[in-house]
Amino acid sequence: MDHPVLERTFRPKEDEAERVFDHLRKKHPCLGEAHGTTGRVHLPVAPGCNIQCGFCRRAFNGEDIRPGLASRLVAPNEAVDFVTRALELCPAIAVVGVAGPGDTLATGHALEAFGRIHERFPDLILCMSTNGLVLGRAILRILDAGVSTLTVTVNGSKPDIVSRIVSWVADDGRIFRGKEGATLLIRRQLEGIARAAEAGLTVKVNMVLIPGVNDEDVGAVAAAVSGAGARLFNVIPLIPQGIFRDTISPDCEALRQARDDAERSLPVFRHCSHCRADACGIPGLSDFSKELYGGVLSASQTFSHG
Ligand code: CLF
Ligand code: SF4
């Protein structure tokens, strides 16, 4: 067990995990204390996805296959240049995140970009968002790339709810639909969170709140992910699009109720800016994405896992 990464996969002592979380919270704008003072840049470096969420527009506008998609993404070998420029635009940036437009682990692009950034900027916090489908099997590669904080988007704890949100799940060359796909996804998400927490990664969970679909399930999701080792919970109101284009976004009361339900199991982050996959600046205060990406990416709506 002399490999440094393998050594780090031992479950850290709880006080050590708490110490790491406290340290990160002072610098990371999405973990609580540093909100409003430090910034993040998102690199839209993840091109594809391995599941299909009903509220995600990617499959509806053909972005996955349309010629020209590459020009709207950051390539892994461009990542260091974009981060260098982002730091010039906003020196308060403490975190580099990848939050879309696809899933960070569906391709190798995000981890390659993180590895390059970690080598050049070892003091920046690297933050990765994922749907969690293949998280458990990627832990060593995630650690090797220098990532320290994860967001896993978990939108339900029960197959009958998740199957209304996720139409298919692709795994090992097979497509799983309906409750079969939902069951696989939920199991992998909880296993992935548990392995990530054991490895010393700080895990936050995002849940997209869809009125009439998963609003009754928030407390159960928070309890399940807390049991797996997540440290923070964030409720994201639905942006009505895709198959949920006629669903009304949750109002303030619904959001408050959801946060209260989650807070029975986990601390809740209440300052989320619902960032895009190409955000740059201090969340809620400044946005340099047009300056950074030349306005090309900003012209196109992209869903961000955040
Ligand atoms: Fe980005 Fe997300 Fe990391 Fe933050 S955003 S990948 S955890 S660095 Fe933050 Fe933006 Fe809300 Fe996300 S305000 S959407 S919670
Ligand atoms: Fe994939 Fe994320 Fe879109 Fe869901 S929301 S289909 S996980 S890119």
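Below, the structure is looked at part by part. (Residues numbered from 1 in each chain as written. Chains lettered and ligands numbered in written order. Predicted model: local features only at pLDDT ≥ 70, side-chain atom pairs only at ≥ 80, totals over all residues. Heavy atoms only, no water.)

### Structural notes on the pairing of strand S3 (residues 93–98)
In terms of burial, S3 is a largely internal element, six of the six residues being buried. Here strand S1 (residues 39–42) runs beside S3; their pairing, made up of four bridges, is parallel. Pairing of Val 41 across the sheet is with Val 96, part of S3. Bridging between S3 and strand S4 (residues 125–130) involves four bridges; their strand directions are parallel. If you follow Gly 97 over to S4, its bridge partner there is Cys 127. The parallel pair S3 and S4 is bridged by helix H5 (residues 109–120), and the resulting crossover is right-handed. (Buried < 20%, exposed > 50% of the residue type's maximum accessible area, 1.4 Å probe, protein only. Helix = DSSP H or I, 4+ residues; strand = E, 2+ residues; numbered from the N terminus. Pairing = 2+ DSSP bridges. Right-handed = clockwise from strand over helix to strand, strands pointing away.)

### Here we look at the pairing of strand S5 (residues 147–153)
The two faces of the sheet receive side chains in turn, since in a regular strand these alternate between them. Most of S5 sits inside the fold, with six of its seven residues counted as buried. Sheet topology places S4 next to S5; five bridges connect them, and they run parallel. Residue pairing for S5: Met 128 is matched across the bridge by Leu 150. Taken together, S4, helix H6 (residues 139–144) and S5 form a β-α-β motif whose crossover is right-handed. Taken together, the five bridges between S5 and strand S8 (residues 202–209) define a ladder with parallel strand orientation. Considered in S8, the bridge of Val 152 is made with Val 205.

### Quick notes on the sheet that holds strand S6 (residues 166–171)
Taking strand neighbours across the sheet as the criterion, the three strands line up as S2-S6-S7 in an open arrangement whose pairing is antiparallel. Edge strands, defined here as strands with exactly one partner in the open sheet, are strand S2 (51–53) and strand S7 (174–177). The sheet shows a mean angle of 20° between the axes of neighbouring strands, taken without regard to direction. Note: S6 against S7, four bridges, orientation antiparallel. Within the sheet, the bridge partner assigned to Trp 168 lies in S7 and is Arg 177. Contacts from helix H8 (residues 178–198) reach S2, S6 and S7, with the element oriented near 105° to S7. (Axes fitted to C-alpha atoms, helices over the stretch in contact; angles between N-to-C directions. Contact = heavy atoms within 4.5 Å.)

### What about the site of ligand 1?
Every one of the 16 residues lining ligand 1 counts as a neighbour, but Cys 30, His 42, Cys 127, Cys 272 and Cys 275 are closest to it. Within the shell around ligand 1, the residues separate by chemical class into six nonpolar, eight polar and two charged. (Near = heavy atom within 4 Å. Nonpolar A, V, L, I, M, F, W, Y, C, P; charged D, E, K, R; others polar.)

### Section: helix H10 (residues 252–263)
Three- or four-residue spacings in an α-helix give side chains the same orientation, since the helix completes a turn every 3.6 residues. If you check H10, its first and last C-alpha atoms are 16 Å apart, about what twelve residues at 1.5 Å a residue would give, namely 16 Å. Those residues of H10 that fall on the buried side of the exposure criterion are Leu 255, Ala 258, Arg 259, Asp 261 and Ala 262. Buried residues of H10, seen end-on, are gathered within an arc of 160° and therefore sit on one face of the element. At its buried positions, H10 is contacted by S8, helix H9 (218–228) and strand S9 (232–237). (Expected span 1.5 Å × (residues − 1). Arc of directions from axis to C-beta.)

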